[in-house]
Structures are given as C-alpha cells and as structure tokens.
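Structural overview
Spelled out from the first residue to the last, the chains are:
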Amino acid sequence: MESLDLEKMSVRDINQYLHKTLPGTDVTELEIINPTGEHNIAVGMDTECTIDVRGHAGYYLGGMNKKANITVHGNVGNGVAENMMSGSVHVKGFASASAGATGHGGTLVIDGDTGLRCGISMKGIDIVVGGSIGNFSGFMAQAGRMVVCGDAGEGLGDSLYEAVIYVKGTIKSLGADAQLEPMTETDHKALKELLDFAGFDHDPKEFKRVASAKQLYNWNADANQEY
Amino acid sequence: MSKHQHLEESVGFSSKTRDYIQRASSTGLYEIRGIGAKRALPSFDDLVFLAGSASRYPLEGYREKCSTKTVLGTRFAKNPIVLDTPITVAGMSFGALSANVKESLGMAATNMGTSTTTGDGGMTPEERNSSKTLVYQCLPSRYGFNPDDVRRADAIELVIGQGAKPGGGGMLLGQKVNARVAGMRTLPQGVDQRSACRHPDWTGPDDLAIKIAELRELTDWEKPIYIKIGATRVYHDVKLAVHAGADVIVVDGMQGGTAATQTVFIEHVGIPTLAALRQAVEALEDMDMFGTVQLIVSGGIRSGADVAKALAMGADAVAIGQGMMISLGCNSETYIKDGEHHSAEADYAALGTKAGFCHHCHTGKCPTGVTTQDPILEQRIEPKVGAKHVTNYIKTLTMELTTVARACGKSNVHHLEREDLVALTIESAAMAKLPLAGTSWIPGVTENK
Ligand code: SF4
C-alpha cells in the first residue's frame, strides 16, 4: 500500500500525484495519513483505486470523484463527494453540510449524522446515512436515492424532482411538493441493496418513501410563493 | 362648453401600468420574459472621449499599430487566457440558445481570436469543438456540470449572480426542455426548469475561497478561475472575490440580458453597468489588485464606443450577450435560409409581438431561431451564416475600438484611461466619477466649479 503523508506533502502535491502519476503506476491501494482537517483531499480522482484517509478531513473530500473508492476513518467537512460521478466515498464518522451535493453517480455512505442540505440538487448519486440528516436536505434533488436510517430535519425534499428519499426515523417536516408515498416491493428491494452496500442492518419495511408530488413541475398560479 | 375635449393620461397609472395591473389581475402570475431592462438608464452613451488635440497627439488611423491583445487570468493560473480582442461572448446556455447558435458563436469567436462561455446546462460537443477558447460556467444548479468538462475547458467561471437578476436563480420553461436539454440537465422532459439562486455546497466568502481552491486542485492550478457577480454591492463583492482568490472578475450590470426571468427582477433589481464598473475598479485599486486581477464588464455593451469607454474606465475586457443575439437576427423582420430572406412577421404576431419589440425568448418560439429548441425554428440559424454575422460584428467593434484608441493617442487599447473621458449628465458623472463635460466637477468628489 502506497502511503502519502500530509505532514510531508501539501494537498496540491498529493492531488497532482493522484491525477498525474498514479495512472501510470500499478498502485491500486493508497492511504493518506495525517489529514488534520485539510480541505480538498483527493479531489477530481479519475483512477480505479482504493484510498483510506486516516483521520478527519475538511471540505470537499473526494469532490467530483470518478472511479475511486475512498474511505475516511474520521469526520468530514462540507460538501463531501460533491458532484461525484462514480465510485464511492465512505465516511466512518460524521459529515457536515451539503454531503453529496449535486452528485451524478456513485455511492456516498456516512456512518454517522450529516448537517444541513444533505443531497441538495443530487443528480443520480446514491446516499446512505447511518444517522440523521439536517434541515433542507434533498432540496431540488433531481435523481438518485437517499437513505436515512435516523431522523430527517425540516423541509425534507423541498422542490423535489425525480429523486427518492427513504427515511426510517421521524421527519420534522416535508418541503414544498414533497409527499409520503407507499413503499412498493421495488422500493424494498432497492433499499435492501443500498443498506447491504453500506453495511447497515435495518429492515427495509420500517422505512417511509418520500417523493415529488409533481405539482411544481409546471408554473401555475396555484403554486403561489412556493414556485 | 369648450369644443376641445381635455384628455389627460395619468403618469403614475399610464396605459403600461394599467396593462400590468390588469394582466396580474387576470392571471395571478408574475410576468416572465427574456432580454434585459427596457427602461432608460445612465449608460456609456452618457460619456464622450476627449481625443488628441494640441495637448495630446493622436495616432495615424490606418497606419500606426494599435494592439488589442488581451490577457486574462495572470494571477494564479499556469495557463492564462490570451485573446486577440477584448470583446468576448457572454455566458448563454445551450437550452436557452439552440445548438446551431452555440456553434455559430463558437466559430465566430475562434475566427476573431476570442472566447465564448457556456451557461446553465453544461457544455455541448458542438460548442467545445467550435470554440477554441471556452469558459465553462459553474452555476448554482450545476446542471450538466462534470469534471471531464471542467478539464476540457480553458477557464472556469463561478457564477454568483447575473446582472438581469442578481439574487435570483435561472429559469427555463418546459417548452424549451426537449429530450436533449432534459438529458443534459438530468430532468424530465417538458418540466419548467428552475435553478437555485445560491450554490449548493458553499455559503459566504470563506467557503468560496475553499471552493475556488477545489476547482484549482481539480485542474492542477492550470486554468484561470473567473467569478461572475450581478451588479449590486459591487465594491464589497469585488473585494470578497479578490480575497477568495479569483483570477478574473466579471461584473454584469443590470442592462444584462436573460433568457427568462421575472420582469420585476429585470427592471428593478441591480445597478447600471456604468456605476458597477466604476465601483469594481475602485475596489481593485483600493486592494492594490488593479492589473493583477483582471476585470470583465458586461451588461448592455453594444458598440465599439461602449467597449472603448469600458476599457478607459478600467475594464480589461467586455462580454456581450444581447448584442451577439441581435447580430444573429434577434428582433429582425426576416431570417435567412438558403441565402434568402424570409419574413418572420407571422411568427412574431403569433407571439403577440412585432420585430423590434420582441422579448419572448422564454417561449421557445423565437421567430428568428436564436432562442429555441424547436427543430424547425432552430434551422433559421445556419451555423456558417450566423458565424459570419457574429464575426463581422466583433470585427466592426474591434475596429471602432482601435479607431477611438488611436484618436486618443494610444498604441494599445488597454492604454485608454479615465482621463480620456468626460460625462454628459450629472447622473453619469456621479456614477462614473468622471468630470461633467466642460467642467472639472465630479459630483460627490470635487467642489462645483
Ligand atoms: S427574436 Fe428571438 S431572441 Fe430575439 S427577443 Fe424574440 S424570442 Fe428572443
């Protein structure tokens, strides 16, 4: 395993190694040690490999990731795996705001809780949260699935498009145009797969499904201030 | 009784205002439209040049060289943008514009050695292939935003706001969201597509600095990062953008256009480009960053004179949107197909408007084929014809710019300076902080002389 030490290298040096040098090697397993809350670690990955970040990281850990499977043995700041395209990011601790924002693909797993706006504007990513999520999560979420094993905050799924949210615990309030819908067999199956991927042992039958009521899809006078 | 009837229309409740009230009463909806502010505003028209005379001598118009080379992004980027003219094409989305229009703009910009800019909705292959220098916008919606396109771009423009609607998000009504547009934006076909007004993963200037650093990490510090702001509190916003690490700042004044926005935004939010530009330059000067961070100004730039005035006031370049659309035929009575002019009057009439009055870009039924996704209407712009018109337009503006610069004795258009300008009205003198013509009075700055 290749070890990169953030006490000896800068974030810039590490990212340039990951972008430019790594693809020409046969290294497939890496670890980054002493991250000490640095921002922008392993941003823009485009190589199949596993990266273990041993400690806490700052903003945008694994931002715009393609192909890499990244595990953080600690907590992360804002925008973990933002705009992820493929691969996976697994946070063993807690995540701050905007986790998985605008992600197009891949899977983001957070063992603990996340802050505000988890999955905001998600575009196809799957997000599985072991704990609870903050207010305004799933705002304008377009596609993909978000699983919350704990509770959801206020305004969940406001202005949802086609993304689906599954919540096991309580929902403080739903946002405009979000509604509870019955779970189907397809939901149970999809949820089971996502929970298994994340390594969480929950019964899919205990989850609720939140999706768009589609009343804001087209501009109309009855939408009032919600549009 | 007098035989003369006395009819007096109310100024406050004019026919325009009454129409507005009655429209609101019948629909219960605010009006959404395209194009920019239609009201009269202080503008570059209110400034004139003091050219060479006995105290300054001009350069020979057709013989002496006048450089238009423009370099953007010299602060941190390894590969700054080098252009042959300071006249760039403003960000306009594929979705708002057709693929043919995007291709026309790209071809024209490449012909003239300048750049084009994507918009909300991602980068199309037509645009990337046709435009040698392409600026890729990162907007709050992040529709179609992906790291491969970031790497394919020549610069990245983080959009905080737009002059037509500072503080507001974007809109693309369902009639323009066809299968291709919907696919690029990960949305169902035909939905009214709204864009958020704030970025999803950062809030405030400290976060912005980290976001910029992320984009630099992604691109290995190679590409310039622009920050675009809609003109409101420009002085403070420019300082914050510099602090956050911008290479280039784009200031978009309230005359800037839009494909679809609430009229209340277009006409009542933001400040004119003239005032915005002066505030931006002051902020850079106060931070000792003038020349280190480059400034692009946009919002109602139409002519070579406007470009020259913007440069003299301190801009490094301009970006033009509506002017490019008009060059392509927007608001013309005819469109060109197979080399022939064809009347578009019936299509304007179907929209309830006329050539010269149209602001119906939001409908997707553009009579001249500029702002449409309709497979028939979009054929009204043939990329080669469109490119020729836009090339000619940029060429003309560049020639006008050098004409004025030479007259002011400058061998480089970037040597135009504030001292070359005076204002024709007290408002413009105060906003631009230039002396009123024939006096040395700058309202709010000097004593009245
Ligand atoms: S002619 Fe087309 S581009 Fe011009 S204002 Fe009308 S709809 Fe918009």
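Residues numbered from 1 in each chain as written. Chains lettered and ligands numbered in written order. Predicted model: local features only at pLDDT ≥ 70, side-chain atom pairs only at ≥ 80, totals over all residues. Heavy atoms only, no water.

Moving on: the sheet that holds strand S2 (residues 29-33) of chain A. All names here are of chain A. Ordered by their spatial adjacency, 11 strands build an open sheet running S1-S2-S3-S4-S5-S6-S7-S8-S9-S11-S10, and the pairing between neighbours is mixed. Looking at the sheet topology across the chains shown, the edges are occupied by strand S1 (2-5) and strand S10 (178-181). The mean inter-strand angle of the sheet, taken between neighbouring strand axes irrespective of direction, is 15°. With four bridges joining them, strand S5 (residues 88-91) and strand S6 (residues 107-110) adopt parallel strand pairing. Bridge pairing in S6 places Val89 opposite Leu108. In the packing of helix H1 (residues 11-21) onto the sheet, the strands contacted are S1, S2 and strand S3 (50-54), and the crossing angle to S1 comes to about 150°. (Pairing = 2+ DSSP bridges. Helix = DSSP H or I, 4+ residues; strand = E, 2+ residues; numbered from the N terminus. Axes fitted to C-alpha atoms, helices over the stretch in contact; angles between N-to-C directions. Contact = heavy atoms within 4.5 Å.)

For the rest of this paragraph, the subject is the interface of chain B and chain A. Contact residues are listed per partner, giving 41 residues for chain B and 42 residues for chain A. Here chain B is connected to chain A by five salt bridges. In this structure, Lys20 of chain A and Glu222 of chain B form a salt bridge, with 3.0 Å as the shortest nitrogen-oxygen distance. For the pair chain B and chain A, the interface holds 20 residue pairs in polar contact (both at pLDDT 80 or more). Of all the secondary-structure elements, those providing two or more residues to the side of chain B that touches chain A are helix H4 (147-152), strand S10 (193-194) and helix H6 (204-218) of chain B. Residue contributions to the side of chain B that touches chain A peak at eight residues, all from H6 of chain B. (Salt bridge = Lys/Arg side-chain N within 4 Å of Asp/Glu carboxyl O. Polar contact = N/O pair within 3.5 Å; in protein donor to acceptor, adjacent residues only side chain to side chain.)

Right, let's get into the pairing of strand S17 (residues 340-343) of chain B. Sheet analysis places strand S16 (residues 334-337) of chain B next to S17 of chain B, joined by four bridges and oriented antiparallel. Note on S17 of chain B: the bridge partner recorded for Thr334 of chain B is Ser343 of chain B.

This part takes up a nonpolar patch on the surface. Residues and elements named next belong to chain B. On the surface, a cluster of nonpolar side chains totalling about 350 Å² of accessible area is made up of Phe13, Tyr20 and Ile21. With respect to the element layout, Ile21 can be found in helix H1 (residues 15-27). Among the residues examined, Ile21 registers a relative accessible area of 35% and is labelled partly exposed. (Patch = residues over 30% accessible without salt bridge, like charges linked within 9 Å, V, L, I, M, F, W, Y side chains within 5 Å. Areas by Shrake-Rupley, 256 points an atom, 1.4 Å probe, with all protein chains shown as cover. Buried < 20%, exposed > 50% of the residue type's maximum accessible area, 1.4 Å probe, protein only.)

Grouped together as the largest cluster of nonpolar side chains are 92 residues, with contacts concentrated most on Val238, Ile249, Val251 and Met324 of chain B. Here Val251 of chain B is in contact with Ile229, Ala231, Val234, Val238, Ala276, Ala280, Leu295, Ile296, Val297 and Ser298 of chain B, once residues within four sequence places are set aside. Leu30, Val53, Ile133 and Ala178 of chain A belong to the second-largest nonpolar core, a separate cluster that totals 49 residues. (Core = buried A, V, L, I, M, F, W, Y, C linked by side-chain atoms within 4.5 Å.)

For the rest of this paragraph, the subject is the pairing of strand S11 (residues 208-212) of chain A. Successive residues of a regular strand alternate their side chains across the two faces of the sheet. Residues and elements named next belong to chain A. Burial analysis of S11 places four of its five residues in the buried class, the great majority of the element. When strand S9 (residues 164-167) meets S11, the two strands line up antiparallel, connected through three bridges. When the sheet's bridge partners are listed, Ile165 is paired in S11 with Val210.

Turning to the domain arrangement of chain A, a few remarks are in order. All names here are of chain A. Each assigned domain of chain A is listed here: domain 1 (1-92) and domain 2 (97-216). The gap between the C-alpha centroids of domain 1 and domain 2 is 25 Å. Domain 1 puts 16 residues into the contact, and the matching count from domain 2 is 18 residues. Taken together, the two surfaces of domain 1 and domain 2 that pack against each other cover about 1200 Å², and 49% of this comes from carbon and sulfur. For the interface between domain 1 and domain 2, the tally reads zero salt bridges. (Domains from an automatic or database assignment. Buried area = accessible area lost by both parts, 1.4 Å probe.)

Oppositely charged side chains may form a pair once their charged atoms are brought near each other. Enumeration over the complete set of coordinates arrives at 38 salt bridges over all chains. Where Glu127 of chain B meets Lys102 of chain B, a salt bridge forms, and the shortest distance between an N and an O atom there is 2.8 Å. Placement of the pair is Glu127 of chain B in helix H3 (residues 125-130) and Lys102 of chain B in helix H2 (residues 99-112), with a sequence separation of 25 residues. Judged by relative accessible area, which is 1%, Glu127 of chain B ranks as buried. Residue Lys102 of chain B is classed as buried on the basis of its relative accessible area of 3%. A salt bridge links Lys433 of chain B to Glu282 of chain B, with the nearest nitrogen and oxygen atoms 3.0 Å apart. Within this pair, whereas Lys433 of chain B is found in the segment after helix H14 (426-432), its partner Glu282 of chain B is found in helix H9 (residues 273-286), the two being separated by 151 residues in sequence. Given a relative accessible area of 29%, Lys433 of chain B falls into the partly exposed group. Beyond isolated ion pairs, a larger network of salt bridges with shared partners links Glu82 of chain A together with Arg142, Asp201, Lys211 and Glu214 of chain B.

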